[in-house]
Amino acid sequence: MKYVGKGVPKIDSLRIATGHPVYTEDVVPANPLVVKILRSPHAFAKIINIDTSKAAELEGVVCILTHRDVPKTRFTLAGQSYPEPSPYDRYILDEIVRYVGDEVAIIAAVNEKIALRAMELIKVEYEVYEPVLDFETAHEHPSVVHPETDLICNVDIAMQQDKNIVCSHYQEIGNVEQEFAKCAVVVEETYYTQAQAHAMMETYRAVSYLDHTGRLVVTSSTQIPFHIRRQLARALEIPASKIRVIKPRIGGGFGGKQTGAVEVFAALVTLKTGQPAKIVLDRRETFTCTTSRHAMRIKVRLGADEEGYIRALDIEGLSDTGAYGEHAPTVFWVLGEKTLPLYNKTRAVRYHGKVVYTNKMPAGALRGYGATQGTFALESAVNKLAEKLHMDPTELRLKNIIRAGETSLAYHGKILGSSTLHQCIERGKEMIRWQEKYPRQEISPNKVRAVGMAVTMQGSGIAGIDTASAEIRLNDDGNYTLLLGSTDMGTGSDTILAQMAAEVLETSLDRIIVHAADTDISPFDPGSYASSTTYVTGMAVVKAAMDLVAKIIAQGAFLLGVPEEEVTFNGEVLQCGEKTLTLQKLAELTVLGTGKLQLVGHGTFGSDVSPPPFVAGFAEVEVDRETGKVELLDYVAVVDCGTVINPNLARIQVEGGIVQGIGLALYEDVKYDAKGNMLTNSFMQYKIPCRKDIGNIRVAFEESYEPTGPFGAKSIGEVVINTPAPAIAHAVYNAVGVRVTKLPITPEKVFQGLQKK
Amino acid sequence: MQIEATINNQKMTLEVAPDELLSDALRARGFLSIRQGCDTSCCGLCTVWIDGKPTLSCTTLAFRVKGKHITTIEGVRQQAEEFAQVLAAEGAEQCGFCSPGFIMTVLAMKQELKNPTEQEIIHYLTGNLCRCTGYLGQLRAIKKYLGGA
Ligand code: FES
Ligand code: FES
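Residues numbered from 1 in each chain as written. Chains lettered and ligands numbered in written order. Predicted model: local features only at pLDDT ≥ 70, side-chain atom pairs only at ≥ 80, totals over all residues. Heavy atoms only, no water.

Q: Can you explain the overall build of chain A? Please cite residues and give values.
A: Scanning chain A from terminus to terminus reveals 18 helices and 27 strands. With respect to the principal axes defined by its C-alpha atoms, chain A has extents near 85 × 75 × 50 Å. Buried residues in chain A amount to 66% of all 757 residues. When the accessible surface of chain A is totalled, it reaches about 25,600 Å², and 50% of it is carbon and sulfur. Distance from the positive charge centre (79 side chains) to the negative charge centre (90 side chains) of chain A: 3 Å. (Helix = DSSP H or I, 4+ residues; strand = E, 2+ residues; numbered from the N terminus. Buried < 20%, exposed > 50% of the residue type's maximum accessible area, 1.4 Å probe, protein only. Areas by Shrake-Rupley, 256 points an atom, 1.4 Å probe, with all protein chains shown as cover. Lys, Arg positive; Asp, Glu negative; His and termini not counted. Charge placed at Lys NZ, Arg CZ, Asp CG, Glu CD.)

Written out as structure tokens, the structure is:
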């Protein structure tokens, strides 16, 4: 293969790396109004009165909007295919504010200074309510976060509004209690995973204006242009045909930009004033007024027989969605979906629990999407089980994990198409030198080194729901335009998709123009989330390219006056016996003269499976017995993402995901004070890993071939974040015998654990 | 107030407000390579050179560059591209939002440190955050770039 499997540089790498104006804020129309948001200082309150008169008088203030001025249709900011399982529980501005930072008023002025000055002049009277802050008791709290009567659920998620329960879930296959009763060894533990911030470098931003026909154009740093268009149409009560959403380059997303955090505010200002408007959240707003990962409490019970076969698995979750239910049910479901099938010697499995509202910043999509939380809990429990069984944890896994060609109780009767997880574990063991190092080595009286491990799976796209389309056009001079609705957030997906197209078309990468994404022009794509781009959009691209090749051959046969079946095409030349026609000539002839038809290949793909990529992760840590400090020395990740389309880009995806996972494991924690104010509202307080915090990371691939994927590929974006937390926790336990069950693993927790021993 | 400064080797007269930050002043004058990732001088995205030294433009008041030489990545296009090519060959730029500030720091390091060790490189760049790449690919690129130069 010429392009698939090659580590070619990204098609946009030089322009983005060297600072060309390619991001949302760089492509702003002249003199946009600057939009600022007045935000609630209370975690839970009702607005009794807002006086904007003083602010409105200020010169340069163009409009101020409060809950009295906005459409009253409930909607969700979640970026999901319609009908979204996330409840429609928002207005653009509501009378009730539900967390510190919730929007109270929209201010648009000719510049930022005036907008900020106007903000200070707005007087708001609140009736302050008792907030719901502890998610573990939210269901019995007398305050009801969403008392409104017009909240809508598109699908039955078993909401109990009056109990602050967004959704409940119960799935049992087999009889779990019966199987536990038969097990020789049972472990049970409750784990807590914290809220995590996305902390992408480009904060949320959008720009809007009306075009020459009066349609609303919104340029946004978003992962989901088509969902944003639908969201805006609903929230603003205008037809989607009046809206165009454009995505330029994106400065990172990680799922955060799968939630429509800002677009609606700029758009509303433009609709009200007719003028261009831009909104750019600062870092503090990005930390405090957007979304984070869902914090969860996860209770795991595992039962095994004497031989070490895991026979019963029971996971009970409680998830904190904060003030609004974006992605609340789906993140919760994914936790079960991506953990239960992994160990398939089970005879009964159960996943159940609920998601609750609290008066904190909403949670939303974040890389890993519930699987991360579930993996920490399940893998920690498996490591505990291994200890109880006196088995090497790698052996326990090799014995119990699902293999290609097998099914699993919770795999919906489907057969796993591909997996090299067994090889991943073996290879990772060798790389970290498990046999020599497991479980620990004493370095000095205070310092102990130890290793730990975990495995994980994710999915590729959303089975049975998300479908993507792609188009490829043969242009007048024999090059191609690849039209995509997916959104490269920096992962290199535009490049990877072009590589696939080039492979099928047997052309070179520089003859493919990639266009993504613009809802007026791009074919429909739900956007880039759920690890779907390489797999779902990729397959659509392959199909589109094959369609185009067939059309080129048909057209070539017609022009040559020969039967289609006898024509060959090598990317450059069409041939039938002695007769030849170059692609360039064919391209020319398809747009020249009468009765011609420009050739366009179409492809649409949605899958009824979501093939899981797998990772085996191994951590080596050094723990200081005196201080509890954990230093990560080495991390090994061996990945099965099917065929690796671009090894360089895949490797960086793995390294980047692992570093985010290390952040989750050791440093990152979204924290609130007793009144619901977020404490971690800057990079001073919210610690993402820097260069010194990550130790060494080594990545290897054990390729498999996924029969339903493009060239055998599966996804990679999310799965890579899942193993660091459980593997590091395991290593810490192996080092000093302290089992940290509540992330992040801070020195205090390890130290306190040591004191208790 | 009015100040004179040299931006990318061009003498300019700038009208700046007393509280205007250099990052904003530069962006407002079309130097759109300036990115900002924080409000607390933590991320390094806004790094430019002032008299050749890498400096955070988000925490420098614009009037303080009076009479000084400011260099943004637009002023060192060729060098920046040379390094960017190595970075891209490694696949080590993802969203690219951190890259201009990062590259300005790398180029400054190249001038300042002779044969830096891995530890020295990491130390020099500690203030440049990146949320996408996980840093290791950047390190591989720097080592290739320094080794090859
Ligand atoms: S913008 Fe973060 S350091 Fe300047
Ligand atoms: S490449 Fe995205 S922040 Fe560094």
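Q: A description of the side chain of Arg 90 of chain A should follow, citing residues and the corresponding values.
A: Residue and element names in this part refer to chain A. Position of Arg 90 relative to the elements: it lies in the loop between strand 3 (61–65) and strand 4 (96–97). Side chain to side chain, Arg 90 and Glu 326 meet in a polar contact 2.9 Å long. Those residues within four positions of Arg 90 in sequence are excluded, and the remaining contacts are Thr 73, Arg 74, Phe 75, Leu 77, Glu 103, Tyr 324, Glu 326 and Pro 362. (Polar contact = N/O pair within 3.5 Å; in protein donor to acceptor, adjacent residues only side chain to side chain. Contact = heavy atoms within 4.5 Å.)

Q: Go over the packing of aromatic side chains with me, naming the residues and quoting the values.
A: All names here are of chain A. Across all of its chains, the model carries twelve aromatic pairs over all chains by this definition. Here the aromatic rings of Phe 44 and Tyr 129 are separated by 5.1 Å at their centres, their planes lie at 75°, and the arrangement is edge-to-face. On the criterion of sequence distance, the pair formed by Phe 44 in the loop between strand 1 (33–39) and strand 2 (45–51) and Tyr 129 in the loop between strand 6 (123–128) and strand 7 (165–173) is long-range, its members being 85 residues apart. The class for Tyr 129 is partly exposed, based on a relative accessible area of 25%. Their ring planes at 15° and their centres at 4.7 Å tell us that Trp 434 and Tyr 438 sit as a pair that is stacked. The class of Trp 434 is buried, set by a relative accessible area of 1%. Clustering of aromatic rings is evident, with ring pairs tying together Phe 287, Phe 683 and Tyr 686. Taking the ring centre of Tyr 91 as reference, the NZ or CZ of Lys 72 above it sits at 5.3 Å. Between Lys 399 and the ring centre of Tyr 309, over which it is positioned, the NZ or CZ distance is 4.8 Å. (Phe/Tyr/Trp six-rings, centres within 6.5 Å; stacked < 30°, edge-to-face > 60°. Lys NZ or Arg CZ within 6 Å of the ring centre and 35° of its normal.)

Q: Tell me what's going on with the sheet that holds strand 9 (residues 205–210) of chain A, and back it up with residues and numbers.
A: Residue and element names in this part refer to chain A. The mixed open sheet is built from seven strands, whose spatial order is 3-5-1-12-9-10-11. Because the sheet does not close on itself, it has two edges, and the strands there are strand 3 and strand 11 (243–246). Averaged over all pairs of adjacent strands, the angle between their axes in this sheet comes to 20°, without regard to strand direction. Bridge count for strand 1 against strand 5 (residues 103–109) is six bridges, and the pairing is antiparallel. Paired with Val 34 across the strands is Ala 109, a residue of strand 5. (Pairing = 2+ DSSP bridges. Axes fitted to C-alpha atoms, helices over the stretch in contact; angles between N-to-C directions.)

Q: Give me the environment of Ala 348 of chain A: which residues, what numbers.
A: Residues and elements named next belong to chain A. Structurally, the position occupied by Ala 348 is in strand 15 (residues 348–357). We classify Ala 348 as buried; its relative accessible area is 0%. Taking C-alpha positions, Ala 348 is 40 Å from Lys 629, a pair spaced 281 residues apart along the chain.

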